[in-house]
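# Structure at a glance
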Amino acid sequence: EQYITGEMVALLLEAEGFDVTRRFGMSSFALRQAQLSGQVDISNDYTGTAWTSYLKQEETIRDEVALFEAVKELDLKENDVVWVNRMDLNNTYAMGLTESVAKKLNILTLEDLAGYVNNNPRGLNFAVEYEFFERPDGFFGMAEFYGFSVSPRDVRTMDLGLTYEALKSGDVDVAMVFTTDGHLVEYELVVLEDTKNFFPIYNLCNLINRDIYEKYPEIEEILSPMITLLDQESMTELNYKVDGLKEEPEDVAYSFLVDNGLL
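The following paragraphs examine the structure supplied in this document. The model shown is predicted, which means the values in this text are computed figures rather than measured ones. (Residues numbered from 1 in each chain as written. Predicted model: local features only at pLDDT ≥ 70, side-chain atom pairs only at ≥ 80, totals over all residues. Heavy atoms only, no water.)

This brings us to the overall build of the protein chain. Helix and strand content of the protein chain: 15 helices and eight strands. Projected onto the principal axes, the alpha-carbon positions of the protein chain cover approximately 60 × 40 × 25 Å. Here the protein chain, with 263 residues, has 48% of them falling under the buried criterion. Residue pairs at least 24 apart in sequence account for 73% of intrachain contacts in the protein chain once pairs closer than 6 positions are excluded. Of the accessible surface of the protein chain, which amounts to about 13,100 Å², a share of 46% is contributed by carbon and sulfur atoms. (Helix = DSSP H or I, 4+ residues; strand = E, 2+ residues; numbered from the N terminus. Buried < 20%, exposed > 50% of the residue type's maximum accessible area, 1.4 Å probe, protein only. Contact = heavy atoms within 4.5 Å. Areas by Shrake-Rupley, 256 points an atom, 1.4 Å probe, with all protein chains shown as cover.)

Encoded structure:
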């Protein structure tokens, strides 16, 4: 996802005459340090990541606009990083299942899941990645929040990519997914709606160092088409082209901008 959107940023800026150096492939924390030190001027990152991991805030903000404004204010004040162009895509945790199982059991939301589990104890088995199994705001925190209980014996831990395979093969009934993952399209999965907003919000935004923003304020407007073009559905489809169809992220980004008349 960040390879694709990072390439979009570079292409849009180059189209307006900027000389852009791409520095892709860093981990989130390495990228963060590079931006704070001025080695990176512009990046894409998530509101939820910044609020909890970078800014070390413990308060839960369940409204996406309020979270964006809080992150924007605090990161500018503490780190001279300007947050702009909040995109209407939320790459957060979720629970997913195949269309056939969702239809058979009539489960479309996490509230539906809670009702089914409460009426059918040990009737489902689950797959989650290791961190999501252990963290207090992970699987068991979600279950408690929605009012159902699952035995740890019914929850298998595995690498994220394997959770999709386990769903497809029928080895598990419900698995942890990410909400803009291209595998959702590839495996035709149903993402259960988080009706009570338990999971953190991870809206993607453009981050610009204050000195660069003040020198080139037009950057915000140049990158603003990303707000209208990128949403949950379009981002998932773009990710699928890389994950499922094995296209290169830079080619996917270029074609998307050309198709939308921006290049």
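Turning our attention to the sheet that holds strand β2 (residues 81–84). Pairing is antiparallel across the open sheet formed by three strands, whose spatial order is β1-β8-β2. At either end of the open sheet lies a strand with only one pairing partner, and these are β1 (42–46) and β2. On average, each strand axis in the sheet is tilted by 35 degrees relative to the strand beside it, whichever way the strands run. Packed onto the sheet, helix α3 (residues 47–54) meets β1, β2 and β8 (204–209) and runs at close to 85 degrees relative to β1. The strands that helix α4 (residues 64–79) touches are β2 and β8; relative to β2, the one it contacts most, it runs at about 160 degrees. (Pairing = 2+ DSSP bridges. Axes fitted to C-alpha atoms, helices over the stretch in contact; angles between N-to-C directions.)

We now examine the nonpolar core. By size, the foremost hydrophobic cluster in this structure holds 53 residues, and its most contacted members are M95, L113 and F126. With six residues, helix α1 (residues 2–15) is the largest single contributor of residues to this core. Core analysis: the second largest hydrophobic core is formed by 15 residues, L55, F68, L74 and C205 among them. (Core = buried A, V, L, I, M, F, W, Y, C linked by side-chain atoms within 4.5 Å.)

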